[in-house]
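Residue-level structural notes
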Amino acid sequence: MIVDFIAGGTGAETGEIRNRAALDAVTLQARALVNVETVSLETELLGERWRRPYGIAPMGMCDVVWPGADAALSAEAAARCMPHAVSTAASTPLEQTFADAGGNAWFQLYAGEDDALTFEFVSRARDAGYRMLLFTVDTPRHSRRTRDLENGFAVPFRWSPRTLADVLTHPRWALAMLQNGTPRPMNYETSPTCRAFARYESRGRSDWAFLDRLRAAWPGKLAIKGVHHPDDAKWMIAAGVDAIYVSNHGARQLDATRGSIDILTDLRNAVGNDTPLIFDSGIRSADDVVRAYVRGASFVMLGRPLLYALGAGGPRRLATMLDMLDEDIRSVMAQIGALRTADLPDRGGAC
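Let me begin by describing the structure that accompanies this report. Keep in mind the model is a prediction, meaning the values are calculated, not measured.

Description of the packing of aromatic side chains
Following the criterion strictly, the structure yields ten aromatic pairs and no others. Seen from their ring centres, Trp50 and Trp106 are 6.2 Å apart, and the 80° between their planes marks the pair as edge-to-face. Within this pair, whereas Trp50 is found in strand β2 (residues 48–50), its partner Trp106 is found in strand β5 (residues 105–109), the two being separated by 56 residues in sequence. Look at Trp50 and you get buried, because its relative accessible area is 3%.

Structure, rendered in structure tokens:
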């Protein structure tokens, strides 16, 4: 059930197939006789320099994958100087994650039915020292995720005969969970409101007036996550948003979504070269990271691959996976004659 929680999309999961097909259709143009001994992964975004061209996408309840998953992700963010985007539904309080990440953290905000709780999270993020807020707008209503329903998986985690049977067939994971306790959505648990996390809560009240209120309340950088339409992106920029986060939620919300990389191309054409575009959804490899930059991304975020690594063997496997990813990105950039991520937009081939 945990594999399905990570891998599953919504509906018939054709959106995930479309994400993959659209990325695979992006080709890269190899170049020869370019001195690429000094390929650099350093990338600048909104005035901050990161040692890698990617970060950790916001993911809720990561600790169900492996105990201490949030802490392991934060430790890598601190060690590798890359941003860890912290979900509202994280298994660790946002204050603790910011400290664990050495300040290399962004806070991802869901705006639910309770405005007081929403703006409490905003205040907590500001007081903790977060400099970037990611306001997610692509989940006005929670979609039906068939695999979770079939498995009886819920957040907060609930035991049933079916989930117990599943757990007992995975003793290593089960023992680790027993030793560490059942993960809980700790940003809600630590709120003075004592309001429980409701996975299927409506978030449909957010509108342009709410964005104006949020922009006025948040002093730092503001990105809007889950933007698909070029007109929406242009209006958001006019409303004072600092960056657009292009994402189709890994095809976990709308099964009939377009391929994520095609959405990125449309938005880059619409907003021009000056607006930062952050990108996720479907990234699985170094080739995919570079493909996103070729198509106009300013920064790339990874989600599922990091959880797969953690599930395969905890923090040690996560570190191994990230080491391999860094080396592979350098290799791909060298093949196409790019020394920096800023060189990548003109390295595309036939698409």
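Picking up after the structure, the text goes on.
Some thoughts on the environment of Asp148
You can see Asp148 is positioned in helix α6 (residues 146–151). Residues Asp148 and Gly8 lie 140 residues apart in sequence; the distance between their C-alpha atoms is 7.8 Å.

As for the pattern of salt bridges
Within the structure shown, the criterion is met by 25 salt bridges. The partner of Glu48 in a salt bridge is Arg131, with the nearest N and O atoms 3.1 Å apart. On the criterion of sequence distance, the pair formed by Glu48 in strand β2 and Arg131 in the loop between α5 (115–128) and β6 (132–136) is long-range, its members being 83 residues apart. The class for Glu48 is partly exposed, based on a relative accessible area of 26%. Measuring nitrogen to oxygen at the nearest pair gives 2.8 Å for the salt bridge that ties Arg258 to Asp266. Arg258 sits in the partly exposed class, given a relative accessible area of 41%.

Thoughts on a nonpolar patch on the surface
Residues Trp159, Leu164 and Leu168 make up a contiguous nonpolar surface patch of roughly 340 Å² in combined accessible area. Among the secondary structure elements, Leu168 is positioned in helix α7 (residues 161–168).

Reading guide: rules and limits
- Residues numbered from 1 in each chain as written.
- Predicted model: local features only at pLDDT ≥ 70, side-chain atom pairs only at ≥ 80, totals over all residues.
- Heavy atoms only, no water.
- Phe/Tyr/Trp six-rings, centres within 6.5 Å; stacked < 30°, edge-to-face > 60°.
- Helix = DSSP H or I, 4+ residues; strand = E, 2+ residues; numbered from the N terminus.
- Buried < 20%, exposed > 50% of the residue type's maximum accessible area, 1.4 Å probe, protein only.
- Salt bridge = Lys/Arg side-chain N within 4 Å of Asp/Glu carboxyl O.
- Patch = residues over 30% accessible without salt bridge, like charges linked within 9 Å, V, L, I, M, F, W, Y side chains within 5 Å.
- Areas by Shrake-Rupley, 256 points an atom, 1.4 Å probe, with all protein chains shown as cover.

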